[in-house]
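# Summary of structural features
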Amino acid sequence: MPKRYTITAALPYTNGPIHIGHLAGVYVPADIYARYLRGQGKDVAFICGSDEHGVAISLKAKKEGKTPQEVIDQYDQLIRTSFKKFGIEFDNYSRTSRAIHHNTAQEIFSDLYQKGIFEEKETEQLFDPEANQFLADRYVTGTCPICQHPEAYGDQCENCGSSLSATELINPQSTISGSQPEMRKTKHWYLPLNQYEAFLKSWILEGHQSDWKPNVYGQVKSWIDNGLQPRAVTRDLDWGIPVPVSDANGKVLYVWFDAPIGYISSTKEWAAEKGKDWEPYWKDKDTQLVHFIGKDNIVFHCIIFPVMLHASGDYILPENVPANEFLNLEGQKISTSKNWAVWLHEYLEAFPDQQDVLRYVLTANAPETKDNDFTWEEFQARNNNELVAIYGNFINRVVVLTHKYYDGVVPSPESLFKEDQLVLDAMKLLPNKIGHAITQYRFREASQLLMQLARIGNKYLADAEPWKQIKTDPVRVTTIMHTALQIAAGLAVLSEPFLPHTAKKLTALLQLEKLQLKWDDVNQKEELIPTDHKIEKAQLLFQKIEDVQMDEQRAKLASSAKQNQSETQIIAPLKPQTTFENFTALDLKVAQIIEAKKVDKTKKLMELKVQLGNEIRTVVSGIAQDFDAAELIGKKVTLLTNLAPRTLKGIESNGMILLGENKQGHFVFVHPEDESVQNGTEIH
RNA sequence: CGCGAGGUAGAGCAGUGGUAGCUCGUCGGGCUCAUAACCCGAAGGUCGCAGGUUCGAGUCCUGCCCUCGCUACCA
């Protein structure tokens, strides 16, 4: 049994508000876990904070004409408020821009530096002279050296799928200023992950094969098996924590080096406020450290951060890293940039005081084992059929009957019948069952076990029929209602980790505040709510959600998707002037697609047969993500016929179909008269 | 291409060698205390496909197909 728990939730990055995906993947499960343990009387530090460094924030500030400080202040405030309103009850929520964090991160860097852990390397990197900064690979575009696609990124060409290095691109261009980057030398410090393979193997691959989630374990194993590379932990940037070494002017700690240290500095800040010692929470072997994260963070929390902690010597390692998969929204990936999301602050405007509904839906449909989909239809169904119909209705029945028969006073029971004992026994099994599911990080299951208690209650009332018995055997009804009230009280206690706002309302409704009921009282106490105890008048815990409300939400999503499409586009820079001769050298002809088939084992490639006069040609085109084979057949397209043939995936492609590519990277055929094609759309 | 996860009733999920299960939805019935809520019953599955191991396979092995993700700055 651990003496204490340090629970961390991924630090939200302050370049935008948070949405339901963040909540479902990280914060709701972490909060349930922390609340459950606190309810058990455990010593818990539930730690989080805003992650406020890194190149994305610096860029966003430049783009919006603000200072980075203004950007992070704005979002830190918004995120902080959202968490508070949703009842995500951190023991401490700090910020990585605070002095305590800067100091802590620098201390850890210096410590590792002095121990000689880092490797120093000088490399050549692309530098944007106009923006006066080095460029991360994804901030460089240019022509792909392999397939000639004009908009390949510095790390990968989306067209042909090849992995690239930014220095290979033809005509590289900075996406920040548009200027041509130049090569410059720069020195950085590297964490030699490759030297820690043996440590990671024995710690994770041997030590956690059975208790870590398959997705986490598999991912880590894949990285280790492929061989780890030294990783730079510093960057050339003007926004971040200065590297505390004398020859490191203008260099800051890599955001992923400093962010997880934020857990430690946030713990320090909390301990100082509470007059506690922070060190046992990070250094005592009897502390259980758990990181709640999304799957994209696995490498940092299972490899990089543990190596940092291990190398420094005296820190403990995480006991588990229960990473969740992703949540989609109405069938599509949640995307901040495309505004395809349900933002927490906007949810609250539409559904005031209904935080628990979202908490419940996101728990019941959490992406624990695979990506899941959030739909408004399911949201409505879960609310109306489960929270309202089963949970809320049970409570309402009990409270209404208690007032009708006994003026709201808990009646004194006669001796229990077998059926009364059976439901009470069934309830007594639940605290351990639910607790076990929670400590195994199976929150979906835990939430369904909770709902089972309300089902037990409804069934009990239906079987015992107090409304009939009252006419023939009123004495029997005292026992029935007493028993039903015990279940209602049990629900109030066991709901707390999942539905904190509801638990509070229910506690008030049943006037349980003074009784101070604990989790284990549910299976240990004979009576949760005593005879002669007076309860409040009935009040609804959940409201039905109507179809109109769902239509509004769906309309909102649809309009943001549309708005996003019609957003004024920045027209791609014009290419150098060409000549009429060059143009006439191109042979453009109209052709009709007569056959279309997706190329096996590719995401994008489509093999097309096109009719061109009396000739049929085979063309391979990267459009499979935007079109189905069926809808392509019969389409008339413009074909560049005299392009040199090229073999893709073993199929010779003779020609190229002219396509427009919009901002989202989706292709449209070239029919400029079509309304949906915007001015400035690039054709290639 | 490589690697990881997933593919079980209309939907969402559980089930790691022994008669296929849960929740929602659908259909039928019951009840009327309750937010037209609750309770009971039924229909609905060749467990992605094809082979193999085994007395026996959703479960183990092999191959393939599909979805999502990762490949180092999207929770």
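Cut-offs used in this document
Residues numbered from 1 in each chain as written. Chains lettered and ligands numbered in written order. Predicted model: local features only at pLDDT ≥ 70, side-chain atom pairs only at ≥ 80, totals over all residues. Heavy atoms only, no water. Axes fitted to C-alpha atoms, helices over the stretch in contact; angles between N-to-C directions. Helix = DSSP H or I, 4+ residues; strand = E, 2+ residues; numbered from the N terminus. Parallel < 35°, antiparallel > 145°, perpendicular 65-115°, else oblique. Contact = heavy atoms within 4.5 Å. Nonpolar A, V, L, I, M, F, W, Y, C, P; charged D, E, K, R; others polar. Pairing = 2+ DSSP bridges. Salt bridge = Lys/Arg side-chain N within 4 Å of Asp/Glu carboxyl O. Buried < 20%, exposed > 50% of the residue type's maximum accessible area, 1.4 Å probe, protein only. 1 Å grid on protein atoms, 1.4 Å probe; cavity = no way out; pocket = protein on both sides within 12 Å on 5 of 7 lines; lining within 4 Å. Points joined across faces, edges and corners; volume = space filled by probe spheres on them. Expected span 1.5 Å × (residues − 1). Bend = angle between axes of the 7 residues up to and from the residue. Phe/Tyr/Trp six-rings, centres within 6.5 Å; stacked < 30°, edge-to-face > 60°. pLDDT = per-residue confidence, 0-100.

This part takes up the packing of helix α14 (residues 443-464) against helix α16 (residues 474-494). Between α14 and α16, the shortest axis-to-axis distance is 10 Å and the interhelical angle comes to 170 degrees. For the element pair α14 / α16, the angle class is roughly antiparallel. Note on element contacts: α16 touches α14 through Thr479, Ile480, Thr483, Ala484, Ile487, Gly490, Leu491 and Leu494, opposite Leu450, Leu453, Ala454, Gly457, Tyr460, Leu461 and Ala464. Residues belonging to the contact of α14 with α16 are distributed by class as follows: 11 nonpolar, 4 polar and no charged.

Turning our attention to the sheet that holds strand β1 (residues 4-9). In space, the 4 strands of this open sheet follow the order β3-β2-β1-β13, with parallel pairing throughout. Since the sheet does not close on itself, it has two edges, and those belong to β3 (92-95) and β13 (287-292), each with one partner. Sheet twist, expressed as the mean angle between neighbouring strand axes with direction ignored, is 20 degrees.

This brings us to the pairing of strand β4 (residues 119-128). Looking along a regular strand, one sees the side chains alternate between the two faces of the sheet. Where β4 meets strand β9 (residues 182-191), 9 bridges bridge the pair, whose relative direction is antiparallel. Looking at the pairing, Phe127 lines up with Glu182 of β9. Bridging between β4 and strand β5 (residues 133-134) involves 2 bridges; their strand directions are antiparallel. Opposite Phe127, over in β5, you have Phe134 as the bridge partner.

To continue, consider the pattern of salt bridges. Counted according to the given criterion, the structure contains 37 salt bridges. Between Asp353 and Lys505 there is a salt bridge, with the nearest N and O atoms lying 3.7 Å from each other. Pair noted here: Asp353 is in the loop between α10 (344-350) and α11 (355-364) and Lys505 is in helix α17 (residues 500-509), with a separation of 152 residues, a long-range link. Judged by its relative accessible area of 31%, Lys505 falls in the partly exposed class. Counted as one network, the salt bridges with shared partners bring together Asp31, Arg35, Arg38, Glu89, Asp91, Arg359 and Glu496.

Tracing the backbone through its elements, the reader meets Met308 in helix α9 (residues 298-312). Along the sequence, Met308 and Leu112 sit 196 residues apart, while their C-alpha atoms lie 8.0 Å from each other. Aside from chain neighbours lying at most four places away, what touches Met308 is Leu112, Leu191, Phe257 and Ile261.

Taken as a whole, the second largest pocket spans an internal volume of roughly 600 Å³. Lining the second largest pocket we find 21 residues, and of these Ala492, Val493, Glu496, Thr507 and Leu517 sit closest to its centre. Only α1 (20-39), α16 and α17 provide two or more residues apiece to the lining of the second largest pocket. If one sorts the elements of the lining of the second largest pocket by residue count, α17 sits on top with 5 residues.

A rise of 1.5 Å per residue sets the reference length of α9, with its 15 residues, at 21 Å; its end C-alpha atoms lie 21 Å apart and thus fit the reference within 8%. The sharpest bend along α9 measures roughly 30 degrees and falls at Pro306. Of the residues one or two after α9, Gly313 is the one with positive phi, at around 110 degrees.

Turning to α14, a few remarks are in order. In a regular helix each residue adds 1.5 Å, so 22 residues correspond to 32 Å; α14 covers 32 Å between its end C-alpha atoms and thus fits that length. Looking at the residues trailing α14, positive phi occurs at Glu465, about 45 degrees.

What follows is about the packing of aromatic side chains. Taken as a whole, this structure holds 32 aromatic pairs when the rule is applied. Centre to centre, the rings of Phe109 and Tyr113 are 6.3 Å apart; their planes meet at 15 degrees, and the pair counts as stacked. Taken together, the positions of Phe109 and Tyr113, both in helix α4 (residues 99-114) and 4 residues apart, correspond to about one turn of that helix. The buried category is assigned to Phe109, whose relative accessible area is 0%.

If you trace the 4 strands from one edge of the open sheet to the other, you get β5-β4-β9-β10, paired in antiparallel fashion. In this open sheet, the two edge strands, each paired with only one partner strand, are β5 and β10 (231-232).

The next subject is the confidence of the model for chain A. Here chain A averages 83 in pLDDT, and 82% of its residues register 70 or above. Low pLDDT, under 50, characterises residues 564-576; the predicted model gives this stretch 12 contacts beyond four residues in sequence or across chains. Segment residues 662-666: pLDDT under 50, and 9 contacts once partners within four positions in sequence are set aside and those in other chains are kept.

Bringing the side chain of His482 into the picture now. Here His482 shows up in helix α16. Take His482: its relative accessible area is 6%, and that puts it in the buried class.

The next subject is empty space enclosed by the protein. A full pass over the atoms with the stated rule returns 4 cavities of 30 Å³ or more. Roughly 70 Å³ of volume is contained in the largest cavity. Around the largest cavity, the lining residues are Gln421, Leu424, Met427, Lys428, Gln486, Asp521, Val522, Lys525, Glu526 and Leu528. Elements represented by at least two residues in the lining of the largest cavity include exactly α13 (418-439) and α18 (521-524). At 4 residues, α13 tops the list of elements feeding residues into the lining of the largest cavity. Considering only residue class, the lining of the largest cavity consists of 4 nonpolar, 2 polar and 4 charged.

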